Every structure is written in structure tokens, then in C-alpha cells.
Amino acid sequence: MQKKMSYSFPNEVLEHIFSFIQSDKDRNAVSLVCKSWYEIERWCRRKIFVGNCYAVSPGMVIRRFPEVRSVELKGKPHFADFNLVPDGWGGYVLPWIAEMAGAYPWLEEIRLKRMVVTDESLELIAKSFKNFKVLVLSTCEGFSTDGLAAIAASCKNLRELNLQESDVDDLSGHWLSHFPETYTSLVSLNVSCLVSDEVSLSALERLVGRCPNLRTLRLNRAVPLDKIANILRCAPQLVEFGTGTYAAELRPDVFSNVFSNLAGAFSNCKELRSLSGFWDVVPAYLPAIYSVCSGLTSLNLSYATIQSPDLIKLVSHCPSLQRLLVLDYIEDGGLEALASSCKDLQELRVFPSDPFAVEPNVSLTEQGLVTISLGCPKLQSVLYFCRRMSNAALVTIAQNRPNLTRFRLCIIEPKTADYLSLEPLDVGFGAIVEQCKDLRRLSLSGLLTDRVFEYIGTYAKKLEMLSVAFAGDSDLGLHHVLSGCESLRKLEIRDCPFGDKALLANAAKLETMRSLWMSSCSVSFRACKLLGQKMPRVNVEVIEEREPPDSRPESCPVDKLYIYRSVAGPRFDMPPFVWTMDEDSALRLS
Amino acid sequence: MELQLDLALSTPNMIKGFDLNNLGFDQQKEMGGLEDWNHAGGCFGDKDCLKNKRGFEQAFGNFTEECKAIPLLLWSGHPNEEEDHKDQKKRTSSTIDDMNDAEEDQVVGWPPIKSWRKKTIHQHQVGRIENNRTVEKDNGRSIYVKVKMEGVPIARKIDIRLFHSYQALTNSLISMFAKHQKCNEDDYTRYTLTYQDKEGDWLIAGDIPWQTFIRSVQRLEIVRNSG
């Protein structure tokens, strides 16, 4: 009976069926059914996602999946965004490119996040992949516009080039001009992070003009406002657009010219759904976009240093808004207006305009977030910087919005208590995790004891990523999280009194997670060595910039600790300030 | 302490091992309260302090002499006025290095804002005159300047490049601060506009040509006339 089953489904049929299965989780499940399914699946998997580039080696990936067309890799830990990971830590993409150059000649897509990319890597990409289509470099560094020129010159089928917030050495060369005149396939271009003052406007206009499929164009700050109209007229089919500097002179003769030109150009763009950029906004020019506002679903005003009245006017023109990024200039009043105008709002991010000021410079409090939680029934994702919070507000938010999936609250001053009751904010965050049963991502702040972790361990069963800073009293806090959060993949902790006990007692948990980061905590060097010794499939890396960890007593805490599961063993590209705790080193150092 | 990995694989009974009353170390000492930070106070002039951000060592005093206990800076306050001016001078060229200098006074990586965004905020907060090339080309880049009015707690930031004369600037400032001051138009004769130049000196605005002024101004302050 079983033999008949395997003959009745030729490989080609199975392959065809598998081609409808896109998600990694499902594909992984398929490959575990039986040996023949494993074989068939591995030959037809086209997309690979590697959440930690050190969890597996390029060779292992290539050996198992020989026909890949799309690769996504992530490098540094998330806290690298906040300068907690020293320069030179790692995350180099070159070894991957070098191996894929030989193994995947038909590779089409490379997406990288927090990796070090060099011009050499970019040149290798340009040379090696004849059908290369998509390059996304998100929060990457290490390359210059020379590398981009190589991509532009060689990749005839390039569709997407996205430099999202990368740190690029902008040599102000005319890299854009390296796209040949015959090149017309651009669909998406995001160069908003380029910092040079120079931009080749004519090359940009010509490029935009000859690419009829261009849907996304995000310009950088150097592109002046009075040139935007020309660019938009070349591409009225744009769906997503990012301006450069949104400022021009206010002298009446200049203003009326620039404004009417701009307004006219925007009104031609009937497909526009997303706007961003808005550096240095001069409010008088904002009404130029009013004609497209009713269709906007996404608006990034997080660089727009305009005051609440102007923000209110703008958002009240955007009833279809689903995603808003904005500075805290919006204030509680602006959030109230947002709550009444934008009933489709799903994601809100409020950034601080003056994060290092001790006194508030704007009137934005917990009240704004409460109002949004009440007025926006579809709200799922929140990132909110503020200076005060109360348990009552958090409980209200939780009760209003049990459909929250991402909740990141940053009360700017660490260890700030509930401003009304002066108590810790344990109960408030406890309500969040208890009510929001699908919560996947949570960032804590304010005064917090071990109790909040007890709530998290008890209720946050779907939580995948947790960020903790200046919180907790003892190892019990960490223990609650490691033992209770069944879905936890990423845990990042800084400046908390968590030490050896909880970590060692929950060592097995570490193999079920992608990574654990702990900095300025109380984990001893001895515990790190022990973990490294006992857990061969987990890499334990100690980061010490001042002096080697073994030059002090074992009981001394390590400065930074990064633990991640890996089937590739310890890495070999570590800088001098990173020590790996593997079986050998544990013996050597003790 | 023993590593009990086999026990670690099953979770439910682990809570037993963690009796809050019997954790084996002094919990009082472990709980860094606010008092510890007030002791930490200021460490402004001490370069070693700035380099080592292990503030919690002092609070969670488990650690022996080998571990340097460096108090955490600046929980209790922002640099005072003088410090502020000194830092402002350092920030005239907005390279990342200078920015990191200013931020060594703060906790590293807190608040959690991406470097990319911090760069932009930083450029908004002080006069942004990046390098000579930019100024000479006069390509219309913004120059953001902080404006403070005596008696008004909240400072503002304006883009000096949007104005073409002292008159235009003053008019705009009057309307901006009128919201906060609730005084009559007449009262404005009682105020003087002053500015801090590149050398750090405070001068009365209006004496030098406008174009020279905008290249030199770092901050503005509206002060009450005496008498």
C-alpha cells in the first residue's frame, strides 16, 4: 500500500505542489515528513531567510539548498542600533557573497540587515549574478557610492535598490549616472540615507523618466523642494514617494511659483499611497500635498520638525491613514485629532524631538496614547516615547486595544515610576500582556520589579521578542521570562540585576531561541564559561573592551554577553574584544 | 552553585528553587534604588568615568575590588548652563565623533534611538554649518538655531535661512513667543534680541550684515531690557 503511494506521486507533481508553499515554517515542516519529501523540497526551495548569519555557514546552506534565488541575512544584534555593539564586532557579508557567487549564479535577490557590506562585496554581486534583481541593505554599513556604481553599471535587470537607513560613504560621485541609458527596469529606489549635499538631478530625472515601472522613489535630503515637481512629472505612476528637504523660500514671488508647480505635480499622482522625507519642513508648503492626502495609507513625518497645529491640519486631511510616524511635536492634542480623523490607523510611532532634554519640551504625555487606543480600533503596533506614564493609563490602553501585537514604550528617564501613584509600572505592563493575547513584541521601560516579569512569564505566551532595560530586582525576573515565554525567540537585556542563577537554570531554553543579549548585567565570567562548555550548539560570546575577562576573578561580571544558537560552531572572524566560550576555551582559560 | 541542566529541561518545578526570601544573597544590596544614583552624582571632569559605563556595579554591590565601580552619570541632571555652552562649541561641526563626545555625558544607547535618527535630531538642535563648502555654495540648506526667551521655559528652534532680514526674524519671533507670554505688542520694546556667535560670545543682534550674521549665529536669546 505504501509503495503504491510513493509511485503515484511523481516528483514533479510534489514539486509543483510545494511551489505553492512559501512560508519557511511550512517548508521546514514539509521537509520533515519523510526522506523523499526532504530531498524534493530542498531542490525546489527558492527563498532562504537566515535570522542570524552566524547560526549557519554559507557552505551548509548551499549544500542543502542548491537552487536558491533569494537570500535574506541578518547580522548584528538589534542593540547595535543604539551603539551597544562595538565597531568591528562582525556581521560581514563578503564570505556569503563569495560562496554564493560560485554556487548560485542565478541568484536574484539579496536582502541584508545590520551587516557590514564592502564595496568589494557589491562589486562581486555586480559581477556574479547575471539576473540580479533586488538589493536591500537595511541598516548596513561599510560601503560607499562606488560600490553602488558597480551595481548600477552591471545589473541590467535590477528592479529594486533600497538602502534603508544604511551608513553609506557618500562620495558624491555620479553613481546614478552609471545606470546605462538602456536601463529601464527600475521599480523601487530608496536612497534617503545618502548624506552628501550633491545630487545629480539631471541623471535622476532621466533615470526616473525612462523607467515606466517605477513604483517607489525615496529621495535624500539633498534634493531641493523646487526640483520635486519635475521629478514627479516624470513618474506620475508612483505609489510611494519620499521627498528631500521640504523647504523653500517664503518670498511671495518664489513661493507662489514653487507651490503651484508642486501642488500641480502632486495632483497628477493618482496612485500615491505613501509619503516620507519631509526634512526641514516649511509648513506653508505642506498644503501642496493635500490633493493626495485622502488616498494616503502611510505617512512618515518623523523628520518633520513642525508644530502641533500644522500636524493636526495635515493628518485631518488623511482619513485613510494606516501607518503614521511622527515626532512628539504632535502632542496630546494632535493625537486626539488623529484619533478622530484616522479610524484605519494600524501603526503609530512617536519619536522624541529632544530626547536628551531633562524637562519636557512638548506637551506629549500618556494621555495621547490613551486617546489613540480608544479612538483607533485597528491599532496593532505602537512605538511611543514619552516622559511619564501611569498604571491606570496602561490598563486602559490594554483594555481598549487587546488586538495589539507590537507594543514598545520608552519612558525617557530610566526607572520612572507611575507619576500618579509613585509605584512601579508592573501592573500596567501586566495588563498589556494579559489582555493582548497576540502580543509578539514588547519593549519595557519605567520603574519595574520582578513582578512584571512574573506577569510576562504567565501571560505572554505568543511573545517572540522582549527588550528590557533598567528593570527587575533579581534573577527571579529573568527566570520568569525564560521559563514562561514559550514563543520567545529574541531577548535583549541591558542594565538589569540578572545573573548566573536564572541563566544557568534555563540553559536549555537558549537552544530554542535565536539569541540572547545581556549587557551591564550581573552574569559572571565563570557562568559564561560553564554555559559555553555545556551547550555545544549555542555560541557564548563575551564582549570586553577594556581588558580580557580572564585577567579578573571569575566571579566578576562580564560587560556584554551575546548568546545564540548555531549549527556552525564558534565563529572565526571575531575581533580581539570578543571571546567565545566553547569547550576548548573553557579548558584553556580555567 | 551547581548547574543542573537536566532539571532545566522541565520547567514547572523550577520556581521552587527561587524563594524570594532565600535567594542566597543580600537582596537589599542588590536592589539599586534611586538613592544610589544620587550618590553617584556628577563625575563631569573625570575622563575615566566617561569611558566606563558600569554604573550598576555600585548599586548592585556584589562585586569585589577588582571590578571598578564607576558611578552612572547624569541621572540626576543635565549639564548646567556653562557645560551646555561648552558642549555647544564642540558641536559646531556636526560629525559623528563630536556627537559622541556630547553623548558621553549621557547613558550609552539610551534612550534607544537609532544613530541615523539621532544624527538628524542633532542637526536640528544646533546651528548646522557643516563645512565651508556648504556655506559658500549657499544651496539653501537649513540652519537650525535654538531660541530662548527669558522667562519662558520652553525653547524653540527655527530655521534662520527662512528669513532675509533682522526685521523678518524679529517679527516671526514675536508671533512665536506671543503665545506663551500673553503680553501686548508694546511690551516688545522692552526686549532685546541677543545671539551667541561662533566664538561663544553673546552679542546684540543687528550690528553686522544679515548674511554675516546667519553664518555666525549659534543660538538666540530674547532678554529683557534692564531699567
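Below, the structure is looked at part by part. These numbers come from a predicted model, not from an experiment.

1. A short note on the overall build of chain B
So, point 1. Counting its regular elements, chain B contains eleven helices and five strands.
So, point 2. Counting only carbon and sulfur atoms, one obtains 49% of the accessible surface of chain B, whose full area is about 12,600 Å².

2. Examining the pairing of strand 20 (residues 515-519) of chain A
All names here are of chain A.
So, point 1. Of all five residues in strand 20, five are buried; the element is thus mostly enclosed.
So, point 2. Along strand 20, one buried face is formed by S515, W517 and S519 and the opposite face, lined by L516 and M518, is buried too.
So, point 3. With five bridges connecting them, strand 19 (residues 490-494) and strand 20 associate as parallel partners. Bridging from a neighbouring strand, E492 pairs with W517 of strand 20.
So, point 4. For strand 20 and strand 22 (residues 560-565), the ladder comprises five bridges, and the chain directions are antiparallel. In the strand pairing of strand 22, W517 is matched with Y562.

3. What about the packing of aromatic side chains?
All names here are of chain A.
So, point 1. If you walk through the whole model with that rule in mind, you get 25 aromatic pairs over all chains.
So, point 2. Centroid distance F259 to Y285: 6.5 Å. Interplanar angle 35°. Geometry classified as tilted. With F259 in helix 11 (residues 252-267) and Y285 in the loop between strand 11 (274-276) and helix 12 (290-293), this pair connects stretches of sequence that are 26 residues apart.
So, point 3. The exposure class of Y285 is buried, given its relative accessible area of 0%.
So, point 4. Summarising the aromatic geometry, the rings of W517 and Y562 are spaced 6.1 Å apart at their centres and angled 55° between planes, so their arrangement reads as tilted. With a gap of 45 residues between them, W517 in strand 20 and Y562 in strand 22 connect regions that are remote in the sequence.
So, point 5. Given the relative accessible area of 4%, Y562 is considered buried.
So, point 6. Counting every residue linked through ring pairs, the aromatic cluster contains Y54, F79, F82, W89, W517, Y562 and Y564.
So, point 7. Just above the ring of Y419 sits the side chain of R388; from NZ or CZ to the centre is 4.1 Å.
So, point 8. Sitting over the face of the ring of W89, R571 holds its NZ or CZ atom 4.4 Å from the ring centroid.

Definitions and limits used
Residues numbered from 1 in each chain as written. Chains lettered and ligands numbered in written order. Predicted model: local features only at pLDDT ≥ 70, side-chain atom pairs only at ≥ 80, totals over all residues. Heavy atoms only, no water. Helix = DSSP H or I, 4+ residues; strand = E, 2+ residues; numbered from the N terminus. Areas by Shrake-Rupley, 256 points an atom, 1.4 Å probe, with all protein chains shown as cover. Buried < 20%, exposed > 50% of the residue type's maximum accessible area, 1.4 Å probe, protein only. Pairing = 2+ DSSP bridges. Phe/Tyr/Trp six-rings, centres within 6.5 Å; stacked < 30°, edge-to-face > 60°. Lys NZ or Arg CZ within 6 Å of the ring centre and 35° of its normal.

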